[in-house]
Amino acid sequence: THTHNTTQHHPQSPTAMIRLSVIVARRAATAATATATKATATTAASRTLCTVVTRRPPRSFVNCLQDEPVPIDYAKALREHREYVDALRANTAVSRVVELDGDEAYPDCSFVEDTAVIVGRVAAMTQPGAPSRRGEVLSMQAELSKLPRMTVVTPRDAVREPEKVRLDGGDVLHVPGVLFVGQSKRTDAHGLAYLHAVFGPHTRSGLQVLGVPVTGALHLKSLLTWGGPGVGFVVGDTPGGRAALQHMRQAFEQAHSVGSNHLHYTHHHDHEDHKQQAQQQLRADFDERNVLYLPEQSAANVLRVGNTLYCMNNFTRSRPLFAALQQRLSLQSNPTSSKSETSSTSSNTSSASTTTVVMLDHTEMCKADAALTCSSLIIEDA
């Protein structure tokens, strides 16, 4: 396994950077013009809504890529997918769910997360590390381009050698102000550089883009995820999971060390307070006392949408810890809870008051080395 420097990226040619800036600016301007023609009153609540894109598993799903080939019950996989989609439709933070038909030519096509990395209304189309999956990206690019006020970017728009990019969305973990990018079997340094070109400090997104070596798993999000405010990092209690979290912690601290001024969240000074709050939030979440370690590595893949945290109930040893998490979140939402009950995690519970844990069965999907985040793309409504 190769390790990669967490703060260095392949430099992009001035021509490539100018081309990308022009593309993003032109598409953003077009979107802004379209938005300006709509005189709609928008409430604070509606600004937090999102659109979810999913794709039904095709019948060929039983022939999907697997590290260890095991039989898949297609009928049960469909039921699991239906329950997953129904749960998302029931979420008050979801304005709509776009459910695409499965494509028999691509057995893994229901794992839409791997086809794009989306921040705000910018979608960076990927180039999956598995050659058999690359055709999935073209159809998803066409679908995302249909969404209003959406900017879609490809490696050809952003880097000098787009053919070298290897990138799966399952390797990208977005936390406030940062994209952690797993360096794995499916995502390489060229994929990291591509995301830095699209979402890095010099762009409108203004994110830090930091590489994380991945060992013992297919993707970074096979090892750990971020459950959002009040939950923090959910990590498989394995050598790979602990190592990934430690690399992320070190990369984050290095980026925020005294005198480190080459990385910024945004060019706009009015976002400085948000930047500081995000830094404080992540420092609290990286505190070992606030990390939720699970005995089953795959169970660490959780999906946060709005104030709902989706977790998998097919991991029996982790179920009690999810139940304890729900109890803790319920106590935090109770204004009569004593300060002593929440003092150790008070710094990362400010948004936990209404967080609800929803358990979903993902048994057949897990046989395909997949998890909850794999089956959806979450897009903030403009």
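This section reports on the structure supplied with the text. Values in this document were obtained by computation on a predicted structure and should not be read as measured data.

Time to look at the overall build of the protein. For the protein, the count of helices and strands is 10 helices and 15 strands. Burial analysis of the protein (382 residues in total) assigns 54% to the buried set. As presented, the protein carries roughly 17,100 Å² of accessible surface, and 53% of it is formed by carbon and sulfur atoms.

Let us look at helix 6 (residues 239–255). Taking 1.5 Å per residue, 17 residues should reach 24 Å; helix 6 reaches 24 Å between its end C-alpha atoms and fits that length. Those residues of helix 6 lying buried are Gly240, Gly241, Ala244, Leu245, Met248, Arg249, Ala251, Phe252 and Ala255.

On to the nonpolar core, then. In this structure, Phe61, Leu88 and Tyr310 are the most contacted members of the largest nonpolar core, which totals 40 residues. Counting residues per element, this core draws most heavily on helix 2 (residues 74–89), which supplies six residues. In contact with Leu88, other than residues within four places in its own chain, are Val52, Thr54, Val94, Val97, Leu303, Val305, Tyr310 and Ser376. Val178, Phe180, Leu210 and Val291 belong to the second largest nonpolar core, which has 23 residues in total.

What follows concerns the side chain of Thr115. Its location among the elements puts Thr115 in the loop between strand 2 (94–100) and strand 3 (116–119). Thr115 gets classed as buried once you look at its relative accessible area, which sits at 2%. Engagement of the side chain of Thr115 in a polar contact is seen with the backbone oxygen of Val112, the distance being 2.7 Å. Excluding residues that lie within four positions of it along the chain, Thr115 makes contacts with Ala124, Met125, Thr126, Glu136, Val137, Met140 and Leu377.

Attention now moves to empty space enclosed by the protein. Scanning the entire structure with this criterion turns up one cavity of 30 Å³ or more. One number sums up the size of the largest cavity: a volume of about 40 Å³. Contributing to the lining of the largest cavity are Arg55, Asp103, Tyr106, Cys109, Val112, Thr115, Glu136, Ser139 and Met140. Sort the elements by how many residues they give to the lining of the largest cavity and helix 3 (residues 135–145) lands first, with three residues. Within the lining of the largest cavity, the residues separate by chemical class into four nonpolar, two polar and three charged.

What follows is about the sheet that holds strand 12 (residues 303–305). Spatially, 12-13-14 is the arrangement adopted by the three strands of the open sheet, whose pairing is mixed. Looking at the sheet topology across the chains shown, the edges are occupied by strand 12 and strand 14 (356–360). Sheet twist, expressed as the mean angle between neighbouring strand axes with direction ignored, is 25°. Examined bridge by bridge, strand 13 (residues 308–312) and strand 14 share five bridges and lie parallel to one another. Residue pairing for strand 14: Leu309 is matched across the bridge by Val357. Contacts between helix 8 (residues 319–333) and the sheet are confined to strand 13 and strand 14, with strand 14 contributing the most and set at about 160° to the helix.

What follows is about the packing of helix 6 against helix 7 (residues 272–286). Two elements in contact, helix 6 and helix 7, have axes whose closest approach is 11 Å; the angle formed by their N-to-C orientations is 150°. Of the two possible hands of crossing, helix 6 and helix 7 adopt the one that is left-handed. Packed against helix 6, whose contacting residues are Leu245, Met248, Arg249, Phe252 and Glu253, the element helix 7 presents Gln279, Leu282, Arg283 and Phe286 at the interface. Residue composition of the contact of helix 6 with helix 7, by class: five nonpolar, one polar and three charged.

Rules used in this analysis
Residues numbered from 1 in each chain as written. Predicted model: local features only at pLDDT ≥ 70, side-chain atom pairs only at ≥ 80, totals over all residues. Heavy atoms only, no water. Helix = DSSP H or I, 4+ residues; strand = E, 2+ residues; numbered from the N terminus. Buried < 20%, exposed > 50% of the residue type's maximum accessible area, 1.4 Å probe, protein only. Areas by Shrake-Rupley, 256 points an atom, 1.4 Å probe, with all protein chains shown as cover. Expected span 1.5 Å × (residues − 1). Core = buried A, V, L, I, M, F, W, Y, C linked by side-chain atoms within 4.5 Å. Contact = heavy atoms within 4.5 Å. Polar contact = N/O pair within 3.5 Å; in protein donor to acceptor, adjacent residues only side chain to side chain. 1 Å grid on protein atoms, 1.4 Å probe; cavity = no way out; pocket = protein on both sides within 12 Å on 5 of 7 lines; lining within 4 Å. Points joined across faces, edges and corners; volume = space filled by probe spheres on them. Nonpolar A, V, L, I, M, F, W, Y, C, P; charged D, E, K, R; others polar. Pairing = 2+ DSSP bridges. Axes fitted to C-alpha atoms, helices over the stretch in contact; angles between N-to-C directions. Left-handed = near helix turned anticlockwise from the far one by under 90°.

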